[in-house]
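Now for the letters of each chain:
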Amino acid sequence: MAKKLIATRRILYKSKNYIPGDILPENTDMTDAWLSSGSAIFEDVSSHKPLKAQPTSAQAGTEGINVVNAETDETLIGKVPLTETRKKEPAKRKPAKKRVTGE
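Keep in mind it's a predicted model, so treat the numbers as computed, not measured.

Draft legend 1. Spotlight on the overall build of the protein chain. Looking only at helices and strands, the protein chain features two helices and six strands. Shown N-terminal to C-terminal, the secondary structure of the protein chain runs as helices and strands in the order β-β-β-α-β-β-β-α. Partitioning the contacts of the protein chain with sequence separation of at least 6, the portion at a separation of at least 24 is 36%. Of the accessible surface of the protein chain, which amounts to about 9600 Å², a share of 53% is contributed by carbon and sulfur atoms.

This is the structure we're talking about:
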C-alpha cells in the first residue's frame, strides 16, 4: 500500500490551507517539521477517509453584558427559554369557515 502524508491539524503551506484529513505534499522541506510536531502522519491511502462534520449553528441570542461566563444557556439575552409548555407541539387550528355572501 502506498503511504501518503495526511494533515492532523490545520496547516498553511505556500498560500494553501490544509485541514485535518487533507493529503499534504511529501517532497518538501517542511515534511520533517510536520511529522516531528504531530501536525501530519504517514497513512495508507486505502484506509484514508475524509473527515466528516455535522453542520450546526448557534442558537439565537446575544451574550449578556454583565455576566462573567456568558457561554451558558441561562446567560443569553433574547433567547426564548425552553419550558415544558413550549416543548409541546402547538394545537392544530380548525380551518376557517367560508363566508357565503348573498348576491
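So, next bit.
Draft legend 2. View of unusual backbone geometry. You will see that Lys-14, though not glycine, has its phi angle at about 55 degrees, which is positive. The backbone phi angle of Ser-15 is positive, close to 60 degrees, even though this residue is not glycine. By relative accessible area, which is 76% here, Ser-15 ends up exposed.

Draft legend 3. Structural view of the nonpolar core. Counting residues in each nonpolar core, the largest one holds eight residues, listed as Leu-5, Ala-7, Ile-11, Tyr-13, Tyr-18, Leu-24, Trp-34 and Ala-40. Sorting the residues of this core by element identifies β1 (3-7) and β2 (11-13) as the ones contributing at least two each. Residues contacting Trp-34, with those up to four places away along its chain left out, are Leu-5, Ile-11, Tyr-13, Leu-24, Pro-25, Thr-28, Ser-39 and Ala-40.

Draft legend 4. View of the packing of aromatic side chains. Following the criterion strictly, the structure yields one aromatic pair and no others. Both rings, one in Tyr-13 and one in Trp-34, keep their centres 5.2 Å apart while their planes meet at 85 degrees; by these two values the pair is edge-to-face. Taken together, the residues Tyr-13 in strand β2 and Trp-34 in helix α1 (residues 31-37) connect sequence positions 21 residues apart. Under the relative-accessibility criterion, Tyr-13 is labelled buried at 13%.

Draft legend 5. Seen up close, the environment of Ala-40. For Ala-40, the position within the fold is in strand β4 (residues 40-44). Residues Ala-40 and Arg-9, 31 residues apart in the sequence, show an inter-C-alpha distance of 7.1 Å. The contact partners of Ala-40, leaving out residues within four places of it in the chain, are Leu-5, Ile-6, Ala-7, Thr-8, Leu-24, Trp-34 and Leu-35.

Draft legend 6. Quick look at the side chain of Thr-31. Here Thr-31 lies in helix α1. With relative accessibility at 8%, the residue Thr-31 sits in the buried group. There is a polar contact of 3.1 Å between the side chain of Thr-31 and the side chain of Thr-28. Ignoring any residue separated from it by four or fewer positions in sequence, one finds Thr-31 in contact with Leu-5, Pro-25, Glu-26 and Phe-42.

Rules behind the numbers
Residues numbered from 1 in each chain as written. Predicted model: local features only at pLDDT ≥ 70, side-chain atom pairs only at ≥ 80, totals over all residues. Heavy atoms only, no water. Helix = DSSP H or I, 4+ residues; strand = E, 2+ residues; numbered from the N terminus. Contact = heavy atoms within 4.5 Å. Areas by Shrake-Rupley, 256 points an atom, 1.4 Å probe, with all protein chains shown as cover. Buried < 20%, exposed > 50% of the residue type's maximum accessible area, 1.4 Å probe, protein only. Core = buried A, V, L, I, M, F, W, Y, C linked by side-chain atoms within 4.5 Å. Phe/Tyr/Trp six-rings, centres within 6.5 Å; stacked < 30°, edge-to-face > 60°. Polar contact = N/O pair within 3.5 Å; in protein donor to acceptor, adjacent residues only side chain to side chain.

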